[in-house]
Amino acid sequence: MQLEKRGVVAPLVVTESFLPLVRAQAQAQRVSPRFVVVPHPVGGLNEAELASRVEAATGELLAVADEARGSS
Amino acid sequence: MSAVLDLPGITEDDWQDEALRRGWGDGLPLVAPTPARVEAALRALDGVELELGPLPPSGLVPTPESFAANCVMAGCRPADVPVVLAAVRALQAPEYNLHGVLATTHPCAPLVVVSGPVRTALRVNCGTNCFGQGTRANAVIGRAVQLVTTNIGGARPGSMDRSTQGGPAKYTFCFGENEEESPFEPYSARRGFAPGESVVTVAATEGPHNVNDHGGTSAEDLLLTISGVMAQPGSNNVYVKGPHFLVLGPEHAATLARDGWTVPALQQRLWEQARIPVAKVSANNRKQFEDWGVVPDGDAYTVSTGPEQLHVLVAGGAGKHSAWIPSFGATAAVSRAVPA
Amino acid sequence: MSAGRDAHWDVAVVGAGTAGLAAATEAAGAGLDVAVFDQLAPGGQLVNLTAVHGVPGFTGSGPDLMARLVERAEAAGVAVRYAQVTRVHGEGPLRLDTADGEITADAVVVATGLGPGRLGLPGEAELAGRGVSTCAGCDGPLFRGAPVAVVGDDEWTAEEALELAGLASAVTVLVPGEPRWSASRAARLAAVENVEVLAGASVVGLRGEGVLSGVVVRTVDGERELTVRGVFPYVGRRGPEALVEGLPVDGAGRLVAEQGGRTAVRNLFVAGDARAGAVEELPAAEADGAAAGRAAVAALRSGAGPTPAAAPPAGGLRVVDPTHGVPPADEAAAMASGGTADWSQVALFSNSKPNATELLQGLGARLQEHWALPELGFASKPNASVAADKDTIDWLSERFKMVLVAVGD
């Protein structure tokens, strides 16, 4: 969030369970971050499970990234 | 947002349900913070500035009224309020890492240790059952600290407070040092405060782990048991490190002192003796420690980063029990004087 | 989510849009334990609305209005929960399947709104995000200075077309039949130079390799190709037809209900755009939600469900708000970008939790491929429990245009 305050596009990769927490932190810091949300958990996953997390989040990431790039 | 709220149709009788419904509590009954009660609590802070900064995660700075409202809800008497204030000031020291403490999955609670004359004035329990139930000051001071961070900081369980299991110490974890029965210099003096000064020390810790040694008759006997309790492969002290506490029961303390042990000597000896054999840690967990930059010292892991991280003090009553209190790790023990 | 405490609610509202928040606020205001569930942020369609029209006494953006509605709901005691509700079972006590496990409720209000628009054409899925979009507020800036088409006939279509008119070079609104939007929106559309409304026009094909280059439009005069970089379909939007078993739905998959949003399932209500026959306007959604909230309260109070606590007596308690606080006085002024980085400078920043770095690298690789980046920068926090150090932040903000950050897991 400090990065966004300095003008860097900084999408936050966050799991669903932590989204409310991160959102509250963002509100407190008065920033509106871009999110890439993945299912919880991430820790403890094996390689295949991790790959499916990457797969599932790619669309959202690219959309967020393209949008940021397009509007700058 | 107004500082005073009208709760239409709510009376003292259904206040409990209303407060819990609004997410204001810890599950136990709360005293309604009516303006009159809050005003009475604030009188204990006459002429004292809060000197508080923003509380994470909300980023809001407590006002005297909202701070006092939480003290009232916790059941504080006006005289307890300055002690709560000292504790919350201490939590806000950057090295305490309040944000990390509140949001972690670790079960840590804000440990509040009270030293100095305020213990007697408020009848803080420093003796028998000092970690337990039955004393108002211990119950309400620790509880008020937790309510301030929950309500003003917004670190509510389940949403912002992400503790996997939590711990009973999160209701309240406050006790006084048994300076009267301690063979050592008072803890607050060793923290650099003047004699006669009332001091609060906070740290983010687990609840106490018992050290039962009824058979030992010498310091060596006790040190073997204590170091064994401290050498836990599953505590944050192994790889996140941080300040941990050895709270000696007066009888164990007397035995150690009789055999010539001082606090620095105890710290040094336990640093050397409380070691976690590498064989007690799985290969995968060793890799996780390594990712944190923690490698074994020879064939064992150390508990925290050095002898000075062990805080030694005396509390409790008669009996052959002491306690080890492990740390959250990414935090520091912080002491503040109680405002007069 | 902690299953224990959150396992049962007096009223569970599915969907935190205008109608859902209104229903939840109404029920919580009556003293019930209420949670509103949404997959992501609260706000429903509002989140995607840059400027709000048609709400008396309000000027501002959709998110502003959403923030006001959420604040009002939370002040009434509504718990906002971020979990997708995948199914509501109406047999016996109402049970809801969520991404975090099953919960139960004495009453349920379904306020999911409608799904995204769909043309139902070959290639549509492949071109999603590459020209096909359903959110002008989100994707509009991608089409700055380019021609776009909007497909639909309702208020939402008109509103999105107006939004795009401020960005795109030309906006063609393709209305399959006749417009259904209000006279006031028609007047606003007519007043904008670069908007053209074509009635009796449907989209029958998409053109483009990898990215959209045009659409095939069929009118009474035959078919022709319209060159556009973006198409925003608002046709083919479906209600939550599969959410509740055994409920009658209309042709658009919206749940059929009677007065107050009451459905054929006991203590299950529907509000807002998810209801058959709903008027797709903000004030209507709000009124609809409030009515469903009141109907839920009445149903539970009348003995159709477990008896709630007796209505609070008159009078009231005055308390000092224990959550009150003030923003810090010296909020640091936002710092300008110190860097001169361009879009080829992208980095990953890990919080060092187990697997976080691996996840970032996986995502980073996809982005690297997508933008054909030569390389990615990398930094990490020393461990997950401490804040990022200033030097790292300095380095990242000077050297990189974009940093993908792992924050919460």
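Rules of the game
Each chain carries its own residue numbering, running from 1 in the direction its sequence is written. Naming scheme: in the order in which they are written, chains are lettered from A and ligands are numbered from 1. Owing to the predicted nature of the model, reporting of local features is limited to residues with pLDDT of at least 70; listing and counting of side-chain atom pairs is limited to 80 or more, with chain, interface and lining totals taken over all residues. The side-chain quantities take in all heavy atoms of the structure and omit both hydrogens and water. Only heavy atoms matter for contacts: two residues are in contact if any of them lie within 4.5 Å across the pair. When a carboxyl oxygen of Asp or Glu is within 4 Å of a side-chain nitrogen of Lys or Arg, the pair counts as a salt bridge. Any pair of nitrogen or oxygen atoms within 3.5 Å is treated as a polar contact; in protein, a donor-acceptor pairing is required on top of that, and neighbouring residues in sequence qualify only through side-chain atoms on both sides. Paired strands, as defined in this entry, are two strands with at least two bridges between them according to DSSP. Counting from the N terminus, the helices are DSSP H or I runs at least four residues long and the strands are E runs at least two residues long. Here an angle of 0 to 180 degrees is reported between the N-to-C directions of two axes, which are lines fitted to C-alpha atoms, with helices fitted over the stretch in contact. Reported buried area values correspond to the accessible surface (1.4 Å probe) lost by two parts on association, with both partners' losses combined. Each residue gets one of three labels, nonpolar for Ala, Val, Leu, Ile, Met, Phe, Trp, Tyr, Cys and Pro, charged for Asp, Glu, Lys and Arg, and polar for the others, Gly among them. Residue burial is assigned from relative accessible area. The probe radius is 1.4 Å, only protein chains are included, and a residue is buried under 20% of its type maximum, exposed over 50%, and partly exposed in between.

### Side note on the interface of chain B and chain C
So, step 1. Each side of the interface is counted separately: chain B has 46 residues, and chain C has 33 residues.
So, step 2. Across the contact surface, chain B and chain C share one salt bridge.
So, step 3. The salt bridge partner of B:Asp6 is C:Arg318, with a shortest N-O separation of 2.8 Å.
So, step 4. On the surface where chain B and chain C come into contact, there are ten residue pairs in polar contact (both at pLDDT 80 or more).

### Considering the sheet that holds strand S3 (residues 109–115) of chain B
Residue and element names in this part refer to chain B.
So, step 1. The four strands are arranged S4-S3-S5-S12 in an open sheet whose pairing can be described as mixed. The open sheet has two edge strands, strand S4 (174–176) and strand S12 (334–337), and neither has a second partner. Taken pair by pair, the neighbouring strands of this sheet meet at an average axis angle of 25 degrees, ignoring direction.
So, step 2. Looking at chain direction, S3 and strand S5 (residues 199–205) are connected through seven bridges and run antiparallel. Residue pairing in the sheet places Val 113 in a bridge with Thr 201 of S5.
So, step 3. Each of S3, S5 and S12 is contacted by helix H4 (residues 81–91), which is oriented at about 50 degrees to S5, the strand it contacts most.

### Comments concerning the interface of chain B and chain A
By a widespread convention, an interface's size corresponds to the accessible area lost as its parts come together.
So, step 1. Facing nine residues of chain B, the contacting portion of chain A comprises seven residues.
So, step 2. The junction of chain B with chain A conceals about 650 Å² of combined surface from both sides, 66% of it contributed by carbon and sulfur atoms.
So, step 3. Our count for the contact surface shared by chain B and chain A stands at zero salt bridges.
So, step 4. At the junction of chain B and chain A, the tally comes to zero residue pairs in polar contact (both at pLDDT 80 or more).
So, step 5. Classifying every residue of the side of chain B that touches chain A by side-chain character gives three nonpolar, five polar and one charged.

### Things to note about the pattern of salt bridges
Note that side chains of opposite charge can pair when their charged atoms are close.
So, step 1. Counted under the stated rule, the structure contains 29 salt bridges over all chains.
So, step 2. Between B:Arg22 and B:Glu18 there is a salt bridge, with its nearest N and O atoms 2.6 Å apart.
So, step 3. The exposure class of B:Arg22 is partly exposed, given its relative accessible area of 23%.
So, step 4. C:Arg180 is paired through a salt bridge with C:Asp153; the nearest N and O atoms lie 3.2 Å apart. Here the residue C:Arg180 occupies a position in the loop between strand S8 (170–175) and helix H6 (183–190), and C:Asp153 occupies one in the loop between strand S7 (147–151) and helix H5 (155–165), the gap between them amounting to 27 residues.
So, step 5. Ionic contacts of the salt-bridge type, sharing partners, join the residues C:Glu155, C:Glu159, C:Arg185 and C:Arg188 into one network.

### Quick look at the pairing of strand S10 (residues 310–314) of chain B
So, step 1. Buried residues dominate S10(B), accounting for five of its five residues.
So, step 2. The alternating pattern of S10(B) places B:Leu310, B:Val312 and B:Val314 on one face and B:His311 and B:Leu313 on the opposite face, and all of these are buried.

Take it as geometry only, folks, not as evidence of what the structure does.
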